[in-house]
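Given next are the chains, with one letter for each unit.
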Number of protein chains: 2
Amino acid sequence: MADYHIAPFDCLAEQFERLPGIGSKTAARLAYYMISVPQEEALQFADAIVDARRKLHYCRICCNLTDKDICSICADERRDKSVICVVEDIRDVIALEKTQEFYVSYHVLHGVISPMKGILPDMLRIKELLSRLKDGTVKEVVMATNATVEGEATAMYLSKLIKPLGIRVTRLAYGLPVGGDLEYADEVTLTRAIQGRSEL
Amino acid sequence: MADYHIAPFDCLAEQFERLPGIGSKTAARLAYYMISVPQEEALQFADAIVDARRKLHYCRICCNLTDKDICSICADERRDKSVICVVEDIRDVIALEKTQEFYVSYHVLHGVISPMKGILPDMLRIKELLSRLKDGTVKEVVMATNATVEGEATAMYLSKLIKPLGIRVTRLAYGLPVGGDLEYADEVTLTRAIQGRSEL
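Predicted, not measured: the structure shown is a model, and the values here were computed from it.

1. A short note on the interface of chain A and chain B
Of the residues lining the interface, 59 residues belong to chain A; the matching set on chain B comes to 60 residues. Each partner contributes to the roughly 5,700 Å² buried at the junction of chain A and chain B, and carbon and sulfur atoms together form 68% of this total. At the junction of chain A with chain B, the criterion picks out two salt bridges. With a closest N to O distance of 3.7 Å, Glu41(A) and Arg18(B) form a salt bridge. For the side of chain A that touches chain B, the elements supplying multiple residues, two or more each, are helix H1 (7–17), helix H2 (24–36), helix H3 (39–55), strand E2 (65–66), helix H4 (72–75) and helix H5 (90–98) of chain A. Among the elements that make up the side of chain A that touches chain B, the one with the highest residue count is H3(A) (13 residues). Looking at the side of chain A that touches chain B residue by residue, the class counts come to 36 nonpolar, nine polar and 14 charged.

2. Observations concerning the pattern of salt bridges
Counted by the stated rule, this structure contains 25 salt bridges over all chains. Put simply, Arg79(B) and Asp76(B) hold a salt bridge, and the shortest N to O gap is 3.5 Å. Side by side, Arg79(B) and Asp76(B) carry an identical accessibility label, which is buried. The closest approach of N and O atoms between Arg125(B) and Glu128(B), which form a salt bridge, is 3.9 Å. The network of salt bridges with shared partners includes Asp76(A), Arg78(A), Arg79(A) and Glu97(A).

3. With respect to the sheet that holds strand E6 (residues 168–171) of chain B
Residue and element names in this part refer to chain B. Spatial ordering of the open sheet is given by E4-E3-E5-E6, a layout of four strands whose pairing is parallel. A single partner strand is all that each edge strand has here, and the edge strands are strand E4 (104–108) and E6. Each strand of the sheet is rotated relative to its neighbour by a mean of 25 degrees, with strand direction disregarded. Here strand E3 (residues 80–87) pairs with E4 via five bridges, running parallel.

4. With respect to the side chain of Ser159(A)
With respect to the secondary-structure elements, Ser159(A) resides in helix H7 (residues 149–162). Contacts of Ser159(A), omitting those with residues within four sequence positions, involve Met143(A), Pro164(A) and Val169(A).

5. Digging into the sheet that holds strand E4 (residues 104–108) of chain A
All names here are of chain A. One open sheet holds the four strands; their spatial order is E4-E3-E5-E6, and the pairing between them is parallel. Looking at strand neighbours, the two that pair on one side only are E4 and strand E6 (168–171), the edges of this open sheet. Sheet twist, expressed as the mean angle between neighbouring strand axes with direction ignored, is 25 degrees. Most of the contacts of H5 go to E4, to which it runs at about 160 degrees, and overall it touches strand E3 (80–87) and E4. Lying on the sheet, H7 is in contact with E3, strand E5 (140–143) and E6; it crosses E5 at an angle near 165 degrees.

6. Side note on the relation of the copies chain A and chain B
Structural alignment of chain A on chain B gives an RMSD of 0.0 Å, achieved by rotating through 180 degrees and translating 0.0 Å along the axis. What we have between these two chains is a two-fold relation. In terms of C-alpha distance to the rotation axis, chain A has Ala46(A) as its closest residue, with the C-alpha 2.2 Å off the axis. In this assembly, 100% of the residues forming the interface of chain A have copies in chain B that are likewise at the interface, indicating an isologous arrangement.

7. Quick look at the side chain of Thr154(A)
Residues and elements named next belong to chain A. With respect to the element layout, Thr154 can be found in helix H7. With a relative accessible area of 0%, Thr154 lands in the buried category. At 2.7 Å, the side chain of Thr154 forms a polar contact with the backbone oxygen of Glu150. The residues touching Thr154, leaving out its near neighbours within four places in the chain, are Leu109, Val112 and Ile113.

What counts as what
- Residues numbered from 1 in each chain as written.
- Chains lettered and ligands numbered in written order.
- Predicted model: local features only at pLDDT ≥ 70, side-chain atom pairs only at ≥ 80, totals over all residues.
- Heavy atoms only, no water.
- Contact = heavy atoms within 4.5 Å.
- Buried area = accessible area lost by both parts, 1.4 Å probe.
- Salt bridge = Lys/Arg side-chain N within 4 Å of Asp/Glu carboxyl O.
- Helix = DSSP H or I, 4+ residues; strand = E, 2+ residues; numbered from the N terminus.
- Nonpolar A, V, L, I, M, F, W, Y, C, P; charged D, E, K, R; others polar.
- Buried < 20%, exposed > 50% of the residue type's maximum accessible area, 1.4 Å probe, protein only.
- Pairing = 2+ DSSP bridges.
- Axes fitted to C-alpha atoms, helices over the stretch in contact; angles between N-to-C directions.
- Least-squares fit on C-alpha atoms with pLDDT ≥ 70 in both.
- Polar contact = N/O pair within 3.5 Å; in protein donor to acceptor, adjacent residues only side chain to side chain.

As structure tokens, this is what we get:
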């Protein structure tokens, strides 16, 4: 006699287990939760998934996620269209927008170049970025890819493509996180903080 | 200008945030994952929820989760029907079944008595349990509620109801977890392990 199994429950738990960072115990717990909430709430959850998938797509200009033809950032006339901030994914746009400091346009690559994982430049939204640079309105491209090896390499790759067009290419600053303790900072971050030191 | 929001995405993230143990950052990450997987996979996930809710209900006899009229444990003729193991929820059944040691019938209470949380005895499946004890086939009821204050209190409450019927009431043993280090065991567990010591 094997373990006790109920097909629809196992199937639901398996679906939860496919989510990133969810192990089999948590998946079973979430599936159980989904069974024990009122029917209506569970169906709302299912609807939210179907709804999100049906309505969301990528902005025609910046490849950001949107439920319209052009995302609200690209449609915003007050933004500085001469600066494009290049990010890896839409969560980075959300993070940068939270600063309420940077009213520019974005470009979402949807990944970084990573030959190890089989992600090559033509699998990212690089063509779309380059075509935005043709009409001469863009004066600066800010690389805001993650501070990882792949993020760095992607920024370098793009800068080599964009600089010949006579457009300024910059990178977000490296340094100590605000509120962070110096003694807990890693050597690489500290080295970058020293190199990038500024006049007081 | 506020944060960047896309209604269907926020709605999906909110649904994930309602799950137990999922915070807002994880919810956003899971919502983003759900947007980036192939359409088919996302719809499978939604279907699994709808399917589980439509097909699953409680077993007429033991209140365990099942997609049939009577769950496969109650339907199993080889099991010892003279012993009922009382548990808090269906995950406990699954855990006990994994031992492959205990071929008895179960009864799922769907909670424990907890006046603090407003859960009173008549909100649990206690009536159903008592009605199973009437015909005299049951000789022993094993309390397998969790080793918490509420679990203990519920076991005590049930034992006071069941003992007068001339049925043996037992409790799972307390003691050191197998493979556990004695020095890391808490005092209460150690005290119980000492009290419950057995001849070698």
